[in-house]
Amino acid sequence: MKTGWHLANQQIAAYVGGSLAPSDVMSVEAHLERCGECRTRLPADEQWLATSWTGIADVVMRPRRGVPERIVERMGVPGHLARLLVATPALSRAWLSAVVVVLVFAVGATRMPMLDAYSAVPMTLVAPVLPLAGIALAYGRRVDPAHELVVATPYAGARLLLVRAIAVLVTAVALAACTMPFVAGPPLPAWLLPALALTSACLALSTRVSVLRSAVSLAAAWTALVAGAALVHWQDLIAAHPLAQAFYGSATFALALVTYLRRHRLDTGES
Amino acid sequence: MTTVSVRALCKKYGRSLALDHLDLDLAPGVTGLLGPHGAGKSTLLRCLATTLAPDTGTVRALGLDPADSRQRTALRRRLGYLPQNPGF
């Protein structure tokens, strides 16, 4: 835009030197906004300008951190890992809400008088399957809209899958543990070791088939096992019996070892 | 100097052959990839970006082989990839 007048050299020198009165500074800046010719007469430190613009662009363009990301970082998780964790599809609000609803139904089922003889079955059935469903929805082309972007990063593959699986497992187990005051049973829940064993089995099986297929197969097998045992009144043998607990504990360890040894198979470069 | 070297690269999706024994050498600098829909441009880029494993053939980018898990991770540390549908 053109104006009918221009700043005097003394005014520009005083403005640059910082010796102008505040009202004069406002007047000069109002003029500079409209007069390109006077702007070109201002001495400029190109390097300082470039650094400043880069700094401003970095701040403006930087994605805002959400509340979950800030919480995870406050727990001591490094920033880059916190972002990968909160980007886990299975940790979305929809997934967490679904887990809470399923647990509420499971707790409700344990308190129904008609299911009194099977009071341990709902939590034995549901609690180990929740982390499996979470892992199935945590990593993979079919479940993560940003998977192709994620899989090209150095963190992709075994490392990211394991980090997300642990995050999902801890979240699901913590939510399931919140139901303990409402469910009669031993101090240590019988479903905890089956949940760990099934999670280890899911990761070990994922070295041969997709994570989704692995989780769905194991969830179906566990459901069939618990339901079948309940039909013949062996439900306590499935999870709560000391031998069963010893089996799940050993299986968790062995399958975790298998996953570690075959970890390179968790990333074939195939999205 | 060659930054990307592709030899006899093949990739099928079911019965559809996306890449058929492709040979390619790229020098440093900007390279454009032009072709009609279904020509295999995205498939080639995915193979170069380590997000898709070829059926047969070899890919080497910056001297690294994405078929090897350690070299694949090393390559991923150095490449930037923005897919067609980033999924944001």
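The name given to chain B in an unreviewed UniProt entry is ABC transporter domain-containing protein, and the organism recorded there is Sinosporangium siamense.

By the naming in an unreviewed UniProt entry, chain A is Putative zinc-finger domain-containing protein, taken from Sinosporangium siamense.

## Digging into the UniProt feature "domain: Putative zinc-finger" (unreviewed entry) in chain A
In the numbering used here, UniProt assigns the "domain: Putative zinc-finger" (unreviewed entry) feature to residues 11–39 of chain A. Between the first and last C-alpha atoms of residues 11–39 of chain A the distance is 13 Å; the span itself is 83% helix and 0% strand.

## Observations regarding the UniProt feature "transmembrane region" (unreviewed entry) in chain A
In this numbering, the UniProt entry assigns the feature "transmembrane region" (unreviewed entry) to residues 84–108, 120–140, 161–184, 190–207, 214–234 and 240–261 of chain A. Here residues 214–234 of chain A is 86% helix and 0% strand, with 26 Å between the C-alpha atoms at its ends.

## A look at the nonpolar core
Residue and element names in this part refer to chain A. Judged by nonpolar contacts, the single largest core of 76 residues is most densely connected at Leu132, Ile135 and Ala215. Of all the elements, helix H8 (residues 121–136) adds the most residues to this core, at 11 residues. Beyond its immediate chain neighbours, meaning those up to four positions away, Ala215 contacts Leu132, Ala133, Ile135, Ala136 and Cys202.

## Side note on the sheet that holds strand S2 (residues 16–26) of chain B
Residue and element names in this part refer to chain B. As summarised here, the arrangement of the 3 strands in space is S2-S1-S3, forming an open sheet in which the pairing is antiparallel. Here the strands that pair on one side only, and so sit at the sheet edges, are S2 and strand S3 (56–61). For this sheet, the mean inter-axis angle between neighbouring strands, taken without regard to orientation, is 25°. As judged from the 5 bridges shared by strand S1 (residues 4–13) and S3, these two strands associate in the antiparallel manner. The residue bridging Val4 from the neighbouring strand is Ala61, located in S3.

## Details of helix H10 (residues 158–177) of chain A
Three or four residues apart is the spacing at which side chains of an α-helix point the same way, because the helix has 3.6 residues per turn. Residues and elements named next belong to chain A. Taking 1.5 Å as the rise per residue, H10 with 20 residues should run 28 Å; its terminal C-alpha atoms sit 28 Å apart, in good agreement. Those residues of H10 not exposed but buried are Ala158, Leu160, Leu161, Arg164, Ala165, Ala167, Val168, Leu169, Ala172, Val173 and Ala176. Where H10 is buried, its residues contact helix H6 (79–86), helix H7 (93–110), H8, helix H9 (147–151), helix H11 (192–205) and helix H12 (211–231).

## Thoughts on unusual backbone geometry
Residue and element names in this part refer to chain B. Positioned with a positive phi, Ala8 is a non-glycine residue whose angle comes to about 50°. One can find Ala8 in strand S1. You will see that Leu62, though not glycine, has its phi angle at about 55°, which is positive. Turning to its location among the elements, Leu62 is positioned in the loop between S3 and helix H2 (69–78).

## Focus on the pairing of S2 of chain B
All names here are of chain B. Across 7 bridges, S1 lies against S2 in antiparallel orientation. Of the residues in S2, the one forming a bridge with Leu9 is Leu22. Where S1 hands over to S2, the hairpin turn is made up of 2 residues, of which Gly14 adopts a positive phi near 65°.

## Observations regarding the environment of Gly4 of chain A
The residue Gly4 of chain A is located in the segment before helix H1 (9–17) in this model. When the C-alpha positions of Gly4 of chain A and Cys35 of chain A are compared, they lie 9.5 Å apart, and in sequence the two are 31 residues distant.

## Overview of the packing of H8 of chain A against H12 of chain A
All names here are of chain A. Close contact between H8 and H12 brings their axes to 9 Å; oriented N to C, the two are set at 175°. By the criterion of interaxial angle, the relationship of H8 to H12 is roughly antiparallel. The residues of H12 that touch H8, namely those facing Val121, Thr124, Leu125, Pro128, Val129, Leu132, Ala133, Ile135 and Ala136, are Val211, Leu212, Ala215, Val216, Leu218, Ala219, Trp222, Thr223, Val226 and Ala230. Split into classes, the residues belonging to the contact of H8 with H12 amount to 17 nonpolar, 2 polar and no charged.

What counts, and where the lines are drawn
- Residues numbered from 1 in each chain as written.
- Chains lettered and ligands numbered in written order.
- Predicted model: local features only at pLDDT ≥ 70, side-chain atom pairs only at ≥ 80, totals over all residues.
- UniProt positions renumbered as here; feature names shortened; annotations may be inferred.
- Helix = DSSP H or I, 4+ residues; strand = E, 2+ residues; numbered from the N terminus.
- Core = buried A, V, L, I, M, F, W, Y, C linked by C-beta atoms within 7 Å.
- Buried ≥ 20, exposed ≤ 12 C-beta atoms within 10 Å, placed from the backbone.
- Contact = placed C-beta atoms within 7 Å.
- Pairing = 2+ DSSP bridges.
- Axes fitted to C-alpha atoms, helices over the stretch in contact; angles between N-to-C directions.
- Expected span 1.5 Å × (residues − 1).
- Parallel < 35°, antiparallel > 145°, perpendicular 65-115°, else oblique.
- Nonpolar A, V, L, I, M, F, W, Y, C, P; charged D, E, K, R; others polar.

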